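Structure assessment
Each chain, letter by letter, is given below.
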Amino acid sequence: ISIVPIWQAELCLCLRQERTSQPMSIDECCKDGRDRGIDNQDCTALPLISESTTCRIVQEQCCATVLEDSICTNGINMAKDQGGCDTQFPGSTCETKTAKMCCDCCLLGRAAQEKGLPCDHSLSLGYQCGLVSRACCDDGAPDVKTNTLAKCAQECVGNGTCACFKGYKLKPDGKNCEDINECLLGASNCRGGERCINTLGSFRCQREVSCGTGYELTDSNNCKDIDECESGTHNCAPDFMCQNTQGSFRCRPKNQCGDGYIQDALGSCIDINECLAQTGPCHPGQSCVNTVGSFTCQRNSVNCGRGYHLNDNGNRCVDIDECKGPDGECAGHGCINLVGSFRCECKIGFIFNSISRVCEDINECRHYPGRLCAHKCENAVGSYKCSCTQGFKLASDGRNCDDLNECESSPCSQECANVYGSYQCYCRRGYQLSDRDGINCEDIDECALPTGGHICSYRCHNTPGSFHCNCPATGYTLAPNGRSCQDVDECVTGTHTCSETESCFNVQGGFRCLSFECPPNYRRAGEKARVERSDTVRCVKSCQPNDISCVLDPVHSVSHTVISMPTFREFTRPEEIVFLRTMSMAHSSPHISSDIVFDILEGNVQNSFDIVKREEHGIIVGVVRQVKPLIGPLNMVLKLAMNYVTSGVVSHRNIVSVHIFVSEFWF
């Protein structure tokens, strides 16, 4: 009997879309695979007949289908011929399982036929098993391609109507079936802590949390203890035996210790001290003596009181003469023996203690506080001695203290001042006393002080006991105060490199060689051929005769001026840099409607400047302000306009180009 899965027909339909791009058709690939399957070749290692991945898949699947059909047919034939499936099937384990499945499923179908049961039962046998069972039940027909199953993928309910097994649903074509995803529809019965996993025609529940060390997950989704002793995964030494516990195991020594011993973790036997481990192991009047592995009890001997000892026979207590011997119990003092005791005649500086019965030293410092020594009193055996606190030395009378001049021993690294009972170290200018010992002097790093950034204009270099300031290598020189940097005016000193046709303009940290030419129809005001560094070049309009366009041009003058600015270290408010003075009075005649409008035409980078109009000494002035910080070095040309407006119309205009040079330094 030949069982052809529905997916094969669907795959062939899908793969025809790629046929135009492959050199070999899908039918040819499938025919090659089926021919090799008939020859019982290995379907997983077929020689490729095309470089197409699709062709390779079709080859393997068509080959596998032929082999599976052949194996399944053998199982069905065995069920029909022998009526049982107990005979050992030839081939590999996978082939054996397939043949036995088809054999068993065919027996189910024949059993249903014999009992008169319907062939379309509702058992969830799986797709292939259901086909085989119904085929053997209906007629035992070997070819499902020729019966009604060829019309319906799973079940036919009559009148050409198809149905699906449990866990499947009918596709829109009315013939094929597709799996129902119970997990997606929430139709599973998985418990809390379990995850639903969809399978073909059904689903299964799997634990979300692992069982943990020492346990394994069973097929029933429960955690089962792993017997490490039985599986041999324990690490017990040869002298130990393994004992399984829930989730783990224990290693127990094979050799057990006898009574009177305790076994340690390494299996060694250690003697138990019963005299310490037990309370009163012996009877009253007896003493416990520990032995190896046990203990013994001994009768107590007679004890004599203090001042007595047993006689030679050991049966009577007699007085001890404590005064016998070179020193006796009084250690050099006079000794008088008494019955059961003694008494010492102590020397000067000692007193007899009747409880301890010895001569004890008299602590004169404690008995006469503040009366024996000026500073400190130290008790000695039978006497005392005086000493002085630090910074003092003992006087010749042995009681009073004189000041010690510590500076004589030069304890300080630089300067020392003796004070009563002590001394004080101090340092020279540029040094400070060490906080660690108060003796050594450490250099003060003036450059690192909180005000170090303001000590020098440019850079500060610390030296032992002092410091010195440096200025940039070119364009500056150190001021007489040794801290500030002064700009070198190369134009005055003649160290510039400007030509005769150029004007030298000093900027902070350097100079610029500038040459300003008047535009056409303008001439330079004044007769100086060379412009000094502080002058402004002003070009006034000078039209040729009959030059109407020149006459109508509202620009009357074009001026150039140059300024040098530092990079402001702390820019907190607008800085006024250029003043455009006019000849117009602030309060003109009320009969004349005129005004002056100032404007920035070009060069206002990032709107760093603005221009405001105000009155100074009755004259209208335009003030150019820097309103945003600029970081040098930076050069720019700010083109300004002074517009003279009469009755709302610009009558004429003066242009001023301000050449701005911003230094990279703040000084």
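Residues numbered from 1 in each chain as written. Predicted model: local features only at pLDDT ≥ 70, side-chain atom pairs only at ≥ 80, totals over all residues. Heavy atoms only, no water.

Under an unreviewed UniProt entry, the protein has the name Fibulin-1 and belongs to Oncorhynchus kisutch. Its UniProt record, at the heading Sequence similarities (unreviewed entry), says of the protein: "Belongs to the fibulin family." The UniProt entry for the protein carries this comment under Function (unreviewed entry): "Incorporated into fibronectin-containing matrix fibers. May play a role in cell adhesion and migration along protein fibers within the extracellular matrix (ECM). Could be important for certain developmental processes and contribute to the supramolecular organization of ECM architecture, in particular to those of basement membranes." (UniProt positions renumbered as here; feature names shortened; annotations may be inferred.)

Let's talk about the overall build of the protein
When its secondary structure is counted, the protein shows twelve helices and 43 strands. Sorting the 667 residues of the protein into buried and exposed places 31% on the buried side. Counting contacts in the protein only where the partners sit at least 6 residues apart, residues at least 24 apart contribute 36% of the total. In the form shown here, the protein has an accessible surface area of approximately 41,600 Å², with 50% of it arising from carbon and sulfur atoms. (Helix = DSSP H or I, 4+ residues; strand = E, 2+ residues; numbered from the N terminus. Buried < 20%, exposed > 50% of the residue type's maximum accessible area, 1.4 Å probe, protein only. Contact = heavy atoms within 4.5 Å. Areas by Shrake-Rupley, 256 points an atom, 1.4 Å probe, with all protein chains shown as cover.)

Considering the state of the cysteines
Using the criterion set out here, one finds 30 disulfides in the structure. Each sulfur in the disulfide pair Cys164 and Cys177 lies 2.0 Å from the other. Of note, the bridge from Cys164 to Cys177 carries an S-S torsion of about -90 degrees and is left-handed in sense. Taken together, the residues span a long stretch of sequence, with Cys164 in the loop between strand 2 (161-163) and strand 3 (168-170) and Cys177 in strand 4 (residues 177-179) at a distance of 13 residues. (Disulfide = S-S within 2.5 Å.)

Overview of the UniProt feature "domain: Anaphylatoxin-like" (unreviewed entry) in the protein
If you check UniProt for "domain: Anaphylatoxin-like" (unreviewed entry), the listed places come out as residues 29-63 in our numbering. Helix makes up 60% of residues 29-63 and strand 0%, whereas the separation of the span's terminal C-alpha atoms amounts to 10 Å.

Brief notes about the sheet that holds strand 36 (residues 537-541)
Taken in spatial order, the six strands of this open sheet run 35-36-37-43-42-39, and their pairing is mixed. Taken across any chain shown, the strands that pair with only one partner, and hence form the sheet edges, are strand 35 (522-524) and strand 39 (594-602). Adjacent strand axes in the sheet meet at a mean angle of 20 degrees when their direction is disregarded. Of the pairings in the sheet, the one linking strand 42 (residues 634-646) to strand 43 (residues 649-662) comprises 13 bridges and is antiparallel in character. Paired with Ala641 across the bridge in strand 43 is Ile655. (Pairing = 2+ DSSP bridges. Axes fitted to C-alpha atoms, helices over the stretch in contact; angles between N-to-C directions.)

Observations concerning the pairing of strand 6 (residues 202-207)
For a regular strand, the rule is simple: side chains alternate between the two faces of the sheet. Relative to strand 6, strand 5 (residues 194-199) is paired through six bridges, and the arrangement is antiparallel. Each bridged residue has a counterpart across the sheet, and for Arg195 the counterpart in strand 6 is Gln206. Hairpin remark: strand 5 followed by strand 6, antiparallel, with two residues in the connecting loop; positive phi at Gly201, about 80 degrees.

Quick notes on the UniProt feature "domain: EGF-like" (unreviewed entry) in the protein
Here, UniProt's "domain: EGF-like" (unreviewed entry) annotation points to residues 403-442 and 443-486. Between the C-alpha atoms that bound residues 403-442 the distance is 29 Å, and the span itself is 0% helix and 40% strand.

Let's talk about the nonpolar core
The biggest cluster of nonpolar side chains holds 22 residues, and the ones touching the most others in it are Phe609 and Ile660. Secondary-structure elements contributing two or more residues to this core are strand 37 (555-565), strand 38 (575-585), strand 39, strand 40 (609-616), strand 41 (619-626), strand 42 and strand 43. Ranked by residues supplied to this core, first place goes to strand 42 with five residues. Once you skip the residues sitting within four places of it in the chain, Ile660 turns out to touch Ile563, Met565, Ile577, Phe609, Leu634, Asn635, Met636 and Leu638. (Core = buried A, V, L, I, M, F, W, Y, C linked by side-chain atoms within 4.5 Å.)

A closer look at a nonpolar patch on the surface
Where nonpolar side chains cluster on the molecular surface, the patch consists of Ile548, Val551 and Leu552 and spans about 330 Å² of accessible area. Locating Ile548 in the fold gives a position in helix 12 (residues 548-552). (Patch = residues over 30% accessible without salt bridge, like charges linked within 9 Å, V, L, I, M, F, W, Y side chains within 5 Å. Salt bridge = Lys/Arg side-chain N within 4 Å of Asp/Glu carboxyl O.)

Focus: the packing of helix 2 (residues 26-38) against helix 3 (residues 53-82)
Contact geometry for helix 2 and helix 3: axes closest at 7 Å, N-to-C directions at 40 degrees. Classified by the interaxial angle, the pair formed by helix 2 and helix 3 is oblique. The element helix 2 and its partner helix 3 pack so that their crossing is right-handed. Between helix 2 and helix 3, the contacting residues are Ile26, Cys29, Cys30, Asp32, Gly33, Arg34, Arg36, Gly37 and Ile38 on the first element and Thr54, Cys55, Val58, Gln59, Cys62, Cys63, Val66 and Leu67 on the second. (Parallel < 35°, antiparallel > 145°, perpendicular 65-115°, else oblique. Left-handed = near helix turned anticlockwise from the far one by under 90°.)

Topic: helix 4 (residues 93-114)
One full turn of an α-helix is made of 3.6 residues, so residues set three or four places apart face in the same direction. With 22 residues, helix 4 should cover 32 Å at 1.5 Å per step; its first-to-last C-alpha distance of 31 Å lies within 8% of that length. Taken as a whole, helix 4 has its buried residues at Thr96, Thr98, Ala99, Cys102, Cys103, Cys105, Cys106, Gly109 and Ala112. Residues of helix 4 that are buried in the fold lie against helix 3 and helix 5 (127-138). In the segment just after helix 4, Gly116 is the residue with positive phi, at about 75 degrees. (Expected span 1.5 Å × (residues − 1).)

Quick word on helix 3
Between its terminal C-alpha atoms helix 3 stretches 43 Å, which fits the 44 Å expected from 30 residues at 1.5 Å a residue. One side-chain oxygen of the residue at the start of helix 3 lies 3.2 Å from the amide nitrogen of Thr54, identifying that residue as Ser52. Backbone geometry just downstream of helix 3 places Gly83 in the positive-phi region, at approximately 70 degrees. (Polar contact = N/O pair within 3.5 Å; in protein donor to acceptor, adjacent residues only side chain to side chain.)

Focus on the confidence of the model for the protein
Per-residue pLDDT for the protein averages 81, and the proportion of residues at 70 or more is 88%. Segment residues 140-150: pLDDT under 50, and 20 contacts once partners within four positions in sequence are set aside and those in other chains are kept. Counting interchain partners and residues more than four positions distant, the pLDDT-below-50 stretch residues 529-534 has 16 contacts. (pLDDT = per-residue confidence, 0-100.)

Digging into the environment of Ile270
Topologically, Ile270 is positioned in strand 12 (residues 269-271). Ignoring anything within four residues of it in the chain, the contact list for Ile270 reads Gly260, Tyr261, Ile262 and Asp264.

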